[in-house]
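A look at the structure
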Amino acid sequence: YTQAKTLVFSRFGEPADVLSLHTHSISPSLPAGAVLVRTLAAPVNPADVNTIQGTYGAKPPLSQLLGTAEPAAVPGNEACFEVVAVGPPSPRPAAGTGGDGDGNTIKRGDWVIPATTGFGTFRTHALVEDAERTLFRVGGEKGNAGLSAAQVATVSVNPSSAYRMLKDYVDLVDLSVKSFASGGDGATGGAWFLQNGANSGVGRAAIQFGRLWGLRSINVVRERATPEETEALKEELRELGATVVVTEKEFLDRSFTARLKEEWTRGGKEPVMLGLNCVGGKSASAMVKALSPKGCMVTYGGMSRQSFPFPTGPQIFKRLRFEGFWLSEWGKENPLEKRNTVNEILDLMREGKFKEAPFQEVEWNWDTEEKVLKDAVQGTLAGFRSGKGLFVF
Ligand code: NDP
């Protein structure tokens, strides 16, 4: 029997109040098509906390499969797992979204990640049924060569979201070719996009894809405690590939639209057609002002917990488009595309062209106290952090 520990919750609330650490054992006789995995690394994302609070768009089902006193759910959506045992092959071939269909593509020693969100990753081990469908073997033929567990554990939510949002709403690459890179009208450089929350995991990924795809980015971050720290953050993002980094204060200032025109977009001749909104509230309203006519604003986060008005004037006179992005649904609708996106990003990581976001390691071993784990989850929405929490096992 494998002894396992998992964080669980049975009611919604603050993580520090509702999470508990549960110990259970997993039988060595695995059902057909199942595998036993051990967790190597699992990040704590804002959505994980919102799920525990009960404010997220998806509510996890509660069950007593792990032998908890009350029906419970396991939080966490992302992780890098190592396969430690494989059950007998499944009689039913895996369909479409799964492995190669022979039911036997996942082997002992493979690194795997959850194929969809909602897996429940804050645990030391998991017995995974229908593994070919539920899990995704990392890196295809190349496996995990040249990758760290932290990279694999954090690839599927933040970088994948940034990748899809930059590709699926406005064809910035095409726009670059047509109106920028061609040098038409003296332009140099690629098409612009604008984003707030630019130092988030998603934001840092968007900056890097922008650089790799020849785009230019205007990035908004919150001011730090001192001017030196603010400058250091700006510099860090510029090193990743950000073209322009401004503070939220600069962005909200009346002068911003004029600066955008005069300093960066040649009198407004170079349009800003895509805005990625992680924050909401005033920052989102400023984004509406900054976008060019027929531009598109994609909202994917609400870190300020503030809504923003859909202002009538800009909708009509600038003919702006407002979209929402949710990776979970996108992944369900496009399972193969999701795998391809993840594999492409892993290749970029392998080649040293894409850097994972900074993280703070939280070691989770057999003796780690419940409080340490709960605090790591609770701290996620605190703001001004040097990196997101990453459980390492
Ligand atoms: P990170 O944990 O990496 O970063 C959090 C970001 O939020 C930082 O930039 C932080 O800025 C900022 N922030 C925190 N508090 C506030 C606040 N009160 N006002 C403004 N900004 C704030 O985040 P992720 O990249 O993992 O996620 C960012 C957002 O994207 C989250 O809302 C998340 O739920 C969402 N998301 C949505 C997806 C989707 O499918 N829709 C997929 C992936 C992420 P600072 O350093 O200044 O505190």
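Here the structure is shown first, and the text comes after it.
Worth saying up front: this structure is predicted, and the values here are computed from it rather than measured. (Residues numbered from 1 in each chain as written. Predicted model: local features only at pLDDT ≥ 70, side-chain atom pairs only at ≥ 80, totals over all residues.)

1. Topic: the sheet that holds strand β8 (residues 192–195)
Ordered by their spatial adjacency, six strands build an open sheet running β10-β9-β8-β11-β12-β13, and the pairing between neighbours is parallel. In this open sheet, the two edge strands, each paired with only one partner strand, are β10 (244–247) and β13 (321–324). Neighbour to neighbour, the strand axes of the sheet diverge by 20 degrees on average, direction disregarded. Direction of pairing for strand β9 (residues 216–221) relative to β10: parallel, over a ladder of four bridges. By the bridge assignment, Val221 is partnered in β10 with Thr247. Where helix α7 (residues 201–212) meets the sheet, it contacts β8, β9 and β11 (272–277), and its direction lies at approximately 160 degrees from that of β9. (Pairing = 2+ DSSP bridges. Helix = DSSP H or I, 4+ residues; strand = E, 2+ residues; numbered from the N terminus. Axes fitted to C-alpha atoms, helices over the stretch in contact; angles between N-to-C directions. Contact = placed C-beta atoms within 7 Å.)

2. Quick notes on the nonpolar core
In this structure, Ala41, Cys80, Val112, Val152 and Phe193 are the most contacted members of the largest nonpolar core, which totals 97 residues. Looking at which domains feed residues into this core, each of domain 1 (2–154 + 356–392) and domain 2 (159–328) supplies at least three. Those residues in contact with Ala41, other than ones at most four positions away along the chain, are Ala79, Cys80, Ala149, Ala150, Ala153, Leu390, Phe391, Val392 and Phe393. (Core = buried A, V, L, I, M, F, W, Y, C linked by C-beta atoms within 7 Å. Buried ≥ 20, exposed ≤ 12 C-beta atoms within 10 Å, placed from the backbone. Domains from an automatic or database assignment.)

3. A word on the environment of Leu260
Inspection of the secondary structure puts Leu260 in helix α10 (residues 256–264). If we ignore the near neighbours within four places in the chain, the residues touching Leu260 are Thr265 and Ala290.

4. Description of the site of the ligand
In the vicinity of the ligand lie 25 residues, with Ser200, Gly201, Gly301, Leu327 and Gly383 positioned nearest. Elements with a minimum of two residues in the shell around the ligand: α2 (46–53), α5 (158–168) and α7. Taken together, domain 1 (2–154 + 356–392) and domain 2 (159–328) each give at least three residues to the shell around the ligand, which thus spans both. (Near = placed C-beta within 6 Å.)

5. A few points about unusual backbone geometry
If you check the backbone angles, Asp130 has positive phi at about 50 degrees while not being a glycine. Summarising the element assignment, Asp130 is placed in the loop between β6 (125–128) and α3 (131–134). A residue is classified by how many C-beta atoms lie within 10 Å of it, and Asp130, with 17 of them, is partly exposed. The phi angle at Arg305 is positive, at roughly 60 degrees, despite the residue not being glycine. Among the secondary structure elements, Arg305 is positioned in the loop between β12 (296–299) and α12 (312–317). Note on Arg305: 10 C-beta atoms within 10 Å, which makes it exposed.

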